[in-house]
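A structural walkthrough
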Amino acid sequence: QMGKKLDPADLELYQRTEEVLHYVWDPIGVAKSPMARDEYHGYLPQVFSLLKDEASAEEVARYLESIATERMGFNANLQQAREVAELLLEWKEVIDEKHSSSRSHG
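Description of the structure in this document. (Residues numbered from 1 in each chain as written. Predicted model: local features only at pLDDT ≥ 70, side-chain atom pairs only at ≥ 80, totals over all residues. Heavy atoms only, no water.)

1. Quick notes on the packing of aromatic side chains
Across all of its chains, the model carries 2 aromatic pairs by this definition. With a centroid separation of 5.1 Å and an interplanar angle of 80 degrees, the aromatic rings of Tyr 14 and Phe 48 are classed as edge-to-face. Residue Tyr 14 is found in helix 1 (residues 8-25), and its partner Phe 48 is found in helix 2 (residues 44-52); the two are separated by 34 residues along the sequence. The class of Phe 48 is buried, set by a relative accessible area of 5%. Consider the rings of Trp 25 and Tyr 40, whose centres lie 5.4 Å apart with planes at 55 degrees: the pair is tilted. Here Trp 25, found in helix 1, pairs with Tyr 40, found in the loop between helix 1 and helix 2; they are 15 residues apart in sequence, far enough to count as distant. (Phe/Tyr/Trp six-rings, centres within 6.5 Å; stacked < 30°, edge-to-face > 60°. Helix = DSSP H or I, 4+ residues; strand = E, 2+ residues; numbered from the N terminus. Buried < 20%, exposed > 50% of the residue type's maximum accessible area, 1.4 Å probe, protein only.)

Written out as structure tokens, the structure is:
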């Protein structure tokens, strides 16, 4: 659980990040098994905060890559980590865009 309550934009970004990691990144290959839905949840907060800190696709990809190779013991697949990172950044942009109109400025 995240300690502080997320605003709607952050909440949406968090959910999208979770989905992208599970369905797109999915190094373990559990995307088709709902029981394993929490397989990547340990890495979610870190990926999320990278996105919130305006990390580049490069940085996000490197983090994903390090998890896959160091923690999960898979061979490096930077190409895929890179695609996932770019997808996450796209989502962030879409969500920021969508919610910025509803946020009050000032």
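2. Digging into helix 3 (residues 57-71)
An ideal rise of 1.5 Å per residue puts 21 Å on 15 residues; helix 3 measures up with 20 Å between its terminal C-alpha atoms. Positive phi appears at Gly 73, one or two residues downstream of helix 3, with a value of about 75 degrees. (Expected span 1.5 Å × (residues − 1).)

3. Things to note about unusual backbone geometry
We note that Asp 26 has phi near 35 degrees; this positive angle belongs to a residue other than glycine. Its place among the elements puts Asp 26 in the loop between helix 1 and helix 2. Overall, Asp 26 belongs to the buried group, its relative accessible area being 13%. In this model, Glu 54 sits at a positive phi of 60 degrees, which is unusual for a non-glycine residue. Relative to the assigned elements, Glu 54 resides in the loop between helix 2 and helix 3.

4. So, the environment of Ser 33
Residue placement: Ser 33 occurs in the loop between helix 1 and helix 2. The exposure class of Ser 33 is partly exposed, given its relative accessible area of 29%. Along the chain, Ser 33 and His 22 lie 11 residues apart, while their C-alpha atoms are 9.8 Å from each other.

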